[in-house]
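# Breakdown of the fold
One-letter residues, chain by chain:
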Amino acid sequence: QVQLVESGGGLVQAGGSLRLSCAASGRTVNAYSMGWFRQAPGNEREFVAAVSWVGITTYDADSVKDRFTISRDKPKNTLYLQMNNLKPVDTAVYYCAASRSVGDSLRRAAEYDYWGQGTQVTVSS
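My aim in this report is to walk through the structure given alongside it, one point at a time. (Residues numbered from 1 in each chain as written. Predicted model: local features only at pLDDT ≥ 70, side-chain atom pairs only at ≥ 80, totals over all residues. Heavy atoms only, no water.)

Counting 28 residues, the largest nonpolar core has L4, W36, L81, M83 and Y94 as the members making the most contacts within it. Every element with two or more residues in this core is listed here: β3 (18-25), β4 (33-39), β5 (46-51), β7 (68-73), β8 (78-83), β9 (92-99) and β11 (119-124). The next biggest cluster of nonpolar side chains, apart from the first, holds six residues, and it includes F37, A50, A97 and L106. (Core = buried A, V, L, I, M, F, W, Y, C linked by side-chain atoms within 4.5 Å. Buried < 20%, exposed > 50% of the residue type's maximum accessible area, 1.4 Å probe, protein only. Helix = DSSP H or I, 4+ residues; strand = E, 2+ residues; numbered from the N terminus.)

Turning to unusual backbone geometry, a few remarks are in order. The backbone of N77 sits at a positive phi, close to 50 degrees, despite the residue not being glycine. Turning to its location among the elements, N77 is positioned in the loop between β7 and β8. Located in the positive-phi region is N85, a residue other than glycine, with phi close to 50 degrees. Along the polypeptide, N85 turns up in the loop between β8 and β9.

Below, the discussion takes up the pairing of β3. Note: strand β1 (residues 3-7) against β3, five bridges, orientation antiparallel. Paired with L4 across the bridge in β3 is A24. Here β3 pairs with β8 via six bridges, running antiparallel. Each bridged residue has a counterpart across the sheet, and for L18 the counterpart in β8 is M83. (Pairing = 2+ DSSP bridges.)

This paragraph deals with the packing of aromatic side chains. In this structure the tally under the stated criterion is six aromatic pairs. Ring centres of F37 and F47 lie 5.6 Å apart, and the angle between their planes is 75 degrees; on these two criteria the pair is classed as edge-to-face. Taken as a pair, F37 in strand β4 and F47 in strand β5 lie far apart in primary sequence, ten residues in all. This pair shows no difference in class: F37 is buried, exactly as F47 is. Three or more aromatic residues joined by ring pairs make a cluster, and in this case those are F37, F47, Y95, Y112 and W115. Here R45 stacks its cationic end above the ring of Y95, 3.8 Å away from the centre of that ring. (Phe/Tyr/Trp six-rings, centres within 6.5 Å; stacked < 30°, edge-to-face > 60°. Lys NZ or Arg CZ within 6 Å of the ring centre and 35° of its normal.)

Moving on: the pattern of salt bridges. Counting across every chain of the model gives six salt bridges. One salt bridge in this structure joins D90 and R38, with 2.9 Å as the shortest N-O distance. In this pair, D90 is assigned in the loop between β8 and β9 and R38 in strand β4, connecting sequence segments 52 residues apart. A single burial state applies to D90 and to R38, both of which are buried. Between D113 and R100 there is a salt bridge, with the nearest N and O atoms lying 3.4 Å from each other. Highlighted residues: D113 in strand β10 (residues 112-115) and R100 in the loop between β9 and β10, separated in sequence by 13 residues. (Salt bridge = Lys/Arg side-chain N within 4 Å of Asp/Glu carboxyl O.)

And the structure:
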């Protein structure tokens, strides 16, 4: 079992920054690839970024290119998402998730076994 708890969301003005954190617990959590997804009201959950268990990162280039950075601190069992130059379209609930998959499979929500409860990010114009 892997437990995931997100934090760091909030209200920020357009152009601002936030850093989301996801604290992971479980005996084998460092063997999992980790990802961030987001879901805005009325929309499907969409992929944002992922980092494999060996440290290879993948991003949704169209929506977050050059603005978001995913990282993980294995000794602290924590996943991060640094979000810069935020835009109103980034407003959503952000979820972290854990997967046994690697590569492009990490773009698919169905590949993830465990999910956090989500943290709200609201960007005002």
